[in-house]
Amino acid sequence: MNSAHDSQQRSDAPPILGRRTLMGGSLGAALGVGLLSVAAPSPARAAEAATRGFDPHDWESVRAQFNLSDRYLHFSTFLLASHPAPVRAAINDLRDQLDADPPTLAEGFGDEDRSQQVRAVVADHIGGRREEVALTDSTTMAISLLYGGLKLSPGQEILTSTQDFYVTTMNLRLRKERDGTPVRTISLYDDPARVSVDEIVGKIVRAITPKTRVLALTWVNSNYGVKLPARQIADALAPINARRKEADKVLFCLDGVHGFGIEDVKISDLGCDFFASSIHKWMFGPRGTGFLWGRGDNLNLVRVTIPSFTRAGYYAWVDDHAPVGELGAIASPGGFHSFEHRWAVPSAFDFHNAVGASRIHQRTVSQASRLKAGLSEIRGVHVVTPQSPALSAGIVSCLIDGVDLDAAVQRLRADFGIIATTTPYKDSHLRFGPSITTFPQQVDQVVKAVAKLR
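Sequence order as written defines residue numbering, which begins from 1 separately in each chain. Only residues with pLDDT of at least 70 get local features here, since the model is predicted, and only at 80 or more are side-chain atom pairs given and counted; chain-wide, interface and lining totals rely on the full set of residues. To obtain the side-chain values, all non-hydrogen atoms of the structure were included, while hydrogens and water were left out.

J.: When you look at the sheet that holds strand β10 (residues 396–400) in this model, what are you seeing that I'm missing?
T.: Pairing between the strands of a sheet comes from backbone hydrogen bonds, and it takes one of two forms, parallel or antiparallel. A pair of strands counts as paired when DSSP detects no fewer than two bridges linking them. Note on conventions: DSSP H or I runs of at least 4 residues are helices, E runs of at least 2 residues are strands, and numbering of each starts at the N terminus. On the basis of which strands lie adjacent, the open sheet formed by four strands has the order β9-β10-β13-β12 and antiparallel pairing. Unpaired on one side and paired on the other, β9 (381–383) and β12 (421–422) mark the two borders of the sheet. Note: β12 against strand β13 (residues 430–432), two bridges, orientation antiparallel. What sits directly across from Thr421, in β13, is Arg431.

The structure is reproduced here in structure tokens:
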């Protein structure tokens, strides 16, 4: 009567190996080597072949790497990325291998071995170490693992903002309901269009109390497009933390999804203690991929809520103890994922690096600045995103007097072939996101179209 359950259990777990052989490491090592050697040709070679004739210094050539419809001007690819050619090739190559022989690639510790490579690539990009990176399927999963699992002492509070997104706000609400953790909310600015570094930093510093253990914020706000001065916030926290015991220091946590892939900065240089992001937005990586980074040993401060599918996890199960091993691997949720997407993540970073982080930043920000300037010249259009690139990134949001936002989105698509969105907030705005898939002349077309909406 338990046969169905047993069958499901066997398909979802690492193979049951003899304890002595497994703990000796020979079979585990052989599994890892064997799985990697069988998977040939590699997705890296497939990705390289896909970019033959690709000139990363030519923006027309960059745009040609995407299969985006030519019927539209795509100003919302940041919601869920289109895959560029090398990413598609890597995914397709891995999918073919999985379709041909799924047990060989997916059973045992094959995912752990390939995921180690993925975590190393992410770590190198953000300026961290592999053991500091846990892989997730999204920013939402990373944020949930972080705020749901942070170890806090009784009475310690979490400080957040009224401007934060649903994922942060609701995770903190769930934390409060489940554990009684105090959560305090402040406004970071009165007028997003006129915000300043001093206003943001000052409001945060004044709000911190001796009970504040966590500062939970979003790097780039997806409603207003405000980019927080993360480095300055971290610097302001430094003297506060210098007077505190280690267990009471303020942990600076960032949802970084709308800055990651745009800003030409090492994430480790921002000064935050935790950073969560997807790879499938501005980085144009495989859909359904993300990560949580904890500086140094900070992942030790997060309780593991979903067991990992790793050797450390399996050994711990066999010997009945807590997993011991790389923090990032242990903190990465187990289960069977969309392996071809996760394992293809390095191809996205290769594509990003080929085009150049600095060039991508300048391309995105210059178009966003051009769009803000153009929209600001239209009577009745109110741009809420700061004009300064120091306090904004790629998102540009606005309101139009007398124009329903949903109707504006529909008209832009139907009448002008422009894809925009409304922001999913109570105080919604019309939102655009220029990127490496758009062109300056298309920005001008958007401005002209918006002018005709009134």
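Moving on from the model shown.
J.: Just to check I follow, could you spell out the packing of helix α6 (residues 85–100) against helix α16 (residues 345–355) for this structure?
T.: As a packed pair, α6 and α16 sit with axes 8 Å apart at the nearest point and diverge in direction by 165°. Comparing their axes, α16 and α6 come out roughly antiparallel. Taken as a pair, α6 and α16 cross one another with a handedness that is right-handed. Listed contacts from α16 to Pro86, Val87 and Ala90 of α6 are Ser347, Ala348 and Phe351. Between N-to-C directions, angles cover 0 to 180 degrees, with each direction set by a line fitted to C-alpha atoms, over the stretch in contact for helices. Should an angle lie under 35 degrees it is considered roughly parallel, over 145 roughly antiparallel, and from 65 to 115 roughly perpendicular; all remaining angles are considered oblique. Rotating anticlockwise by less than a right angle from the far helix to the near helix defines a left-handed crossing, while the corresponding clockwise rotation defines a right-handed one. The contact rule is simple, with two residues in contact once any of their heavy atoms fall within 4.5 Å.

J.: What's the story with the side chain of Ser392 in this structure? I'm lost.
T.: Position of Ser392 relative to the elements: it lies in the loop between β9 and β10. Polar side-chain contacts of Ser392 include one of 3.3 Å to the backbone oxygen of Pro386. Here a polar contact is recorded for every N or O atom pair within 3.5 Å, except that within protein the pair must consist of a potential hydrogen donor and a potential acceptor, and residues adjacent in sequence are included only if both atoms are side-chain atoms. A distance of 2.8 Å separates the side chain of Ser392 from the backbone oxygen of Ser388, its partner in a polar contact.

J.: Can you walk me through the sheet that holds strand β5 (residues 212–218) in this structure?
T.: Strand order across the open sheet formed by seven strands is β2-β8-β7-β6-β5-β3-β4, with mixed pairing between neighbours. Two strands close off the open sheet at either side, each with one partner strand: β2 (133–136) and β4 (183–186). Neighbouring strand axes in the sheet, compared pairwise and without regard to direction, differ in orientation by 20° on average. With five bridges connecting them, β5 and strand β6 (residues 251–255) associate as parallel partners. If you follow Leu217 over to β6, its bridge partner there is Leu254.

J.: What exactly am I supposed to notice about the pairing of β5 here?
T.: Successive side chains on a regular strand alternate, one facing one side of the sheet and the next facing the other. Using a 1.4 Å probe on the protein chains alone, a residue whose accessible area is under 20% of its type maximum counts as buried, one over 50% counts as exposed, and one in between counts as partly exposed. A large share of β5 lies buried, amounting to seven of its seven residues. By the bridge criterion, four bridges tie strand β3 (residues 157–161) to β5 in an arrangement that is parallel. In the sheet register, Ile158 faces β5, and the bridge partner there is Val214.

J.: Please explain the environment of Asp269 as it appears in this structure.
T.: Tracing the chain through its elements places Asp269 in the loop between β6 and β7 (274–278). The spacing of Asp269 and Arg231 is 38 residues in sequence and 7.4 Å in space, taken between C-alpha atoms.

J.: Even after reading the chapter, I still don't get the environment of Leu299, so can you show me in this structure?
T.: Note on placement: Leu299 falls in the loop between β8 (290–294) and α13 (311–319). With near-sequence residues (within four places) excluded, Leu299 lies in contact with Glu131, Glu132, Val133, Ala134, Phe274, Leu292, Gly294, Leu327, Gly328 and Ala331.

J.: Is there a simple way to explain the packing of aromatic side chains in this structure?
T.: One pair of aromatic rings is described through two measures. These are the centre distance and the angle between the planes. Stacked, tilted and edge-to-face are the three classes assigned to paired rings of Phe, Tyr and Trp, where Trp is represented by its six-membered ring and a pair needs centres within 6.5 Å; plane angles under 30 degrees give stacked, over 60 edge-to-face, the rest tilted. This model, assessed by the stated rule, comprises 17 aromatic pairs. A ring pair is formed by Phe78 and Trp282, whose centres lie 5.3 Å apart and whose planes are at 5°; its orientation type is stacked. With Phe78 in the loop between β1 (73–74) and α6 and Trp282 in the loop between β7 and β8, this residue pair connects regions lying 204 residues apart in the sequence. On the basis of relative accessible area, Trp282 is assigned to the buried category, the value being 5%. Ring centres of Phe309 and Phe336 lie 6.2 Å apart, and the angle between their planes is 85°; on these two criteria the pair is classed as edge-to-face.

From the geometry alone we can't say anything about function, so treat these as descriptive.
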